[in-house]
Amino acid sequence: QVQLVESGGGLVQAVGSLRLSCVASELTFSRYVMGWFRQAPGKEREFVAAAGWSDDTTLYADSVKGLFTISRDSAKRSVYLQMDSLKPEDTAVYYCAARNSYYITRGPNTYAYWGQGTQVTVSS
C-alpha cells in the first residue's frame with residue numbers, strides 16, 4: 001500500500017498564500033500521477049490539480065488556473081501545491097492522491113491512494 005501524508009494546511013487570510021506538501025512512501029513515486037483534490041463540507045470531492053511523470057505535464061481545474069501551482073520532487077518523493085491569491089471559497093480539506101498510471105485524470109475514483117487530508121481555511 002502506498003502511504004501519503006499531507007502537511008501545510010492552516011488558517012490564512014484572503015489573497016494570502018499557502019503551500020501544501022505530500023510525502024509518498026512508494027519508491028517508484030516517479031511513475032505515479034500525483035493529484036490534489038479538495039472537499040468542502042456537504043460537497044463532493046473535487047479535482048484541483050495533477051502532475052504527470054514530468055513536471056511539465058500538469059492539469060488544473062479551471063477555478064485555480066493561474067493561481068495554484070503543482071510541482072513534484074522525485075528525490076524527496078513529494079508533491080506540492082502552491083496556492084496563491086487564496087479566497088474563502090478555497091476553504092476545504094485538501095487531499096493528496098496517487099494514480100499508478102501514465103495518464104492524468106480528473107476523477108477521484110481513478111486515484112487508488114489517498115492521504116488523510118489537511119484543512120485549509122481562508123478567512124475574508
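Computed from a predicted model, the values in this text were never measured in an experiment.

What follows concerns the overall build of the protein. For the protein, the count of helices and strands is 0 helices and 11 strands. If you list the helices and strands of the protein from N to C, you get β-β-β-β-β-β-β-β-β-β-β. Taken against the 2.2 N^0.38 rule, which gives 14 Å for 124 residues, the C-alpha radius of gyration of the protein at 13 Å falls within 12% of a compact globule. Overall size of the protein, expressed as C-alpha extent along the three principal axes, is 40 × 30 × 25 Å.

Together, Trp53, Tyr102 and Tyr103 make up an exposed nonpolar region whose accessible area comes to about 380 Å². For Tyr102, the position within the fold is in the loop between β9 (92-99) and β10 (113-114).

For strand β5 (residues 46-51), the tally of buried residues reaches 5 of 6 residues, placing the bulk of the element in the interior. From the end of strand β4 (residues 33-39) to the start of β5, which pair antiparallel, there are 6 residues, and Gly42 there has a positive phi angle of about 80 degrees. Bridge analysis of β5 against strand β6 (residues 58-60) gives 3 bridges, and the strand direction is antiparallel. By the bridge assignment, Ala49 is partnered in β6 with Tyr60.

Across the sheet, which stays open at both edges, the 4 strands sit in the order β1-β3-β8-β7 with antiparallel pairing between neighbours. Each end of this open sheet is capped by a strand with a single partner; those strands are β1 (4-7) and β7 (68-73). Recorded for the sheet is a direction-independent mean angle of 15 degrees between the axes of neighbouring strands. For β7 and strand β8 (residues 78-83), the ladder comprises 6 bridges, and the chain directions are antiparallel. Following the sheet pairing, Arg72 is matched in β8 by Val79.

Criteria and cut-off values
Every chain's residues receive numbers from 1 upward, in the order its sequence appears when written. Two thresholds apply to this predicted model, a pLDDT of at least 70 for residue-level local features and 80 or more for giving and counting side-chain atom pairs, whereas whole-chain, interface and lining totals are computed over all residues. As a convention, hydrogens and water are excluded, and side-chain values are obtained from all of the structure's heavy atoms. Going along the chain from the N terminus, every DSSP run of H or I of four or more residues is numbered as a helix, and every run of E of two or more is numbered as a strand. To get the radius of gyration, use the C-alpha atoms; to get the globule rule, take the number of residues to the power 0.38 and multiply by 2.2 Å. Nonpolar side chains (Val, Leu, Ile, Met, Phe, Trp, Tyr) within 5 Å and like charges within 9 Å form the patches, drawn only from residues with over 30% relative accessible area and no salt bridge. Here, Shrake-Rupley sampling with a 1.4 Å probe gives the accessible areas, and only protein chains in the shown set may cover a residue. By salt bridge we mean one thing: a side-chain nitrogen of Lys or Arg within 4 Å of a carboxyl oxygen of Asp or Glu. Only protein chains enter the accessibility calculation, which uses a 1.4 Å probe. A residue is then buried if its area is under 20% of the maximum for its type, exposed if over 50%, and partly exposed in between. Note on pairing: two strands pair once DSSP finds at least 2 bridges between them. Here, axes are lines fitted to C-alpha atoms. For helices the fit covers the stretch in contact, and angles between N-to-C directions go from 0 to 180 degrees.

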